[in-house]
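Observations on chain architecture
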Amino acid sequence: MVKGEYKLKTIILGPPGTGKTTTLLDLVEEFLRAGTDIKKIGYFSFTRKASYEAESRAEEKFKIDKDEIPYFRTLHSLAFRMLGIKKERVMKSQDYREFGLKCGIPIKSAWHNETDGVFNSDNEYLRIINKARVKEIPVLEEYDKNRHSIDIERDLLYLLDQELRKYKKEKGLIDYDDMLERFIEQDVSPSFDVLFIDEAQDLSPLQWRMVRALWAKANKTYIAGDDDQAIFKWAG
């Protein structure tokens, strides 16, 4: 495992099985022993599975109830919490199906996976729209980069992107990407004495922007990951 430090940010790199998460939790323990309040420690990861693992290991190792660990969670979960969003305001499959009927395009399924925030849909227009958003590039730029491998209409893609934005606004709904954007725009990040980011190799450009908003309010930041383990190339 290799560590590199620049100012108050420490990067921890290592292939599978080298103990990156264990290293982070050892650091959490060091800060707790030094008197850092657990509520001033942020530990965020790409997937719910990893955040739950860190939370459960922290509970067992430090003998702390999970209710006392509010900031061991995924980035999407943090945005949801800090923005005070109600579940009924989040776009669901039925909302996407209604949108499809309104626009005359077939949509059988569309949803953001609560486990990792990844968008899934049987409709290629929606997949391209979401891909462009997480990569933070214009939707037509994403289309042009992949025009030889996708079978959709360029002009219709642009119109659907605009219509989806209007639909959500009219219905008072938001999706997972909206959550991250609003978190950043409204500057609602908590202030942390120490911030930990696990599974950094799988963060999209949009998620990285949220991470930067977090570490801007953290006294010290640790980022762990391994580019060789990245599994979401589509996210940039």
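Above this note sits the structure.
One structure accompanies this document, and this report is about it. (Residues numbered from 1 in each chain as written. Predicted model: local features only at pLDDT ≥ 70, side-chain atom pairs only at ≥ 80, totals over all residues. Heavy atoms only, no water.)

Overview of the overall build of the protein
- Within the protein, the regular secondary structure consists of nine helices and eight strands.
- For 236 residues, the compact-globule formula gives about 18 Å, and the C-alpha radius of gyration of the protein, at 19 Å, lands near that figure.
- Taking the principal axes of the C-alpha coordinates as reference, the protein spans close to 60 × 35 × 30 Å.
- Within the span of the protein, comprising 236 residues, buried residues form 50% of the whole. (Helix = DSSP H or I, 4+ residues; strand = E, 2+ residues; numbered from the N terminus. Rg over C-alpha atoms; globule rule 2.2 N^0.38 Å. Buried < 20%, exposed > 50% of the residue type's maximum accessible area, 1.4 Å probe, protein only.)

Some words on the packing of helix α6 (residues 139–146) against helix α7 (residues 154–171)
- At a minimum axis separation of 10 Å, α6 and α7 run at an interaxial angle of 150°. The angle between α6 and α7 falls in the class roughly antiparallel. Where α6 crosses over α7, the handedness of that crossing is right-handed. Each of Val139, Leu140, Tyr143 and Asp144 in α6 lies in contact with α7, whose residues at this interface are Arg154, Leu157, Tyr158 and Asp161.
- By residue class, the composition of the contact of α6 with α7 is five nonpolar, no polar and three charged. (Axes fitted to C-alpha atoms, helices over the stretch in contact; angles between N-to-C directions. Parallel < 35°, antiparallel > 145°, perpendicular 65-115°, else oblique. Left-handed = near helix turned anticlockwise from the far one by under 90°. Contact = heavy atoms within 4.5 Å. Nonpolar A, V, L, I, M, F, W, Y, C, P; charged D, E, K, R; others polar.)

Notes on the environment of histidine 76
- One can find histidine 76 in helix α3 (residues 75–83).
- For histidine 76, a relative accessible area of 7% translates into the label buried.
- Separated by 98 residues in the primary sequence, histidine 76 and isoleucine 174 have C-alpha atoms spaced 12 Å apart.
- Among all residues touching histidine 76, those that are not within four sequence positions of it are Asp116, Gly117, Tyr176, Met179, Leu180 and Gln207.

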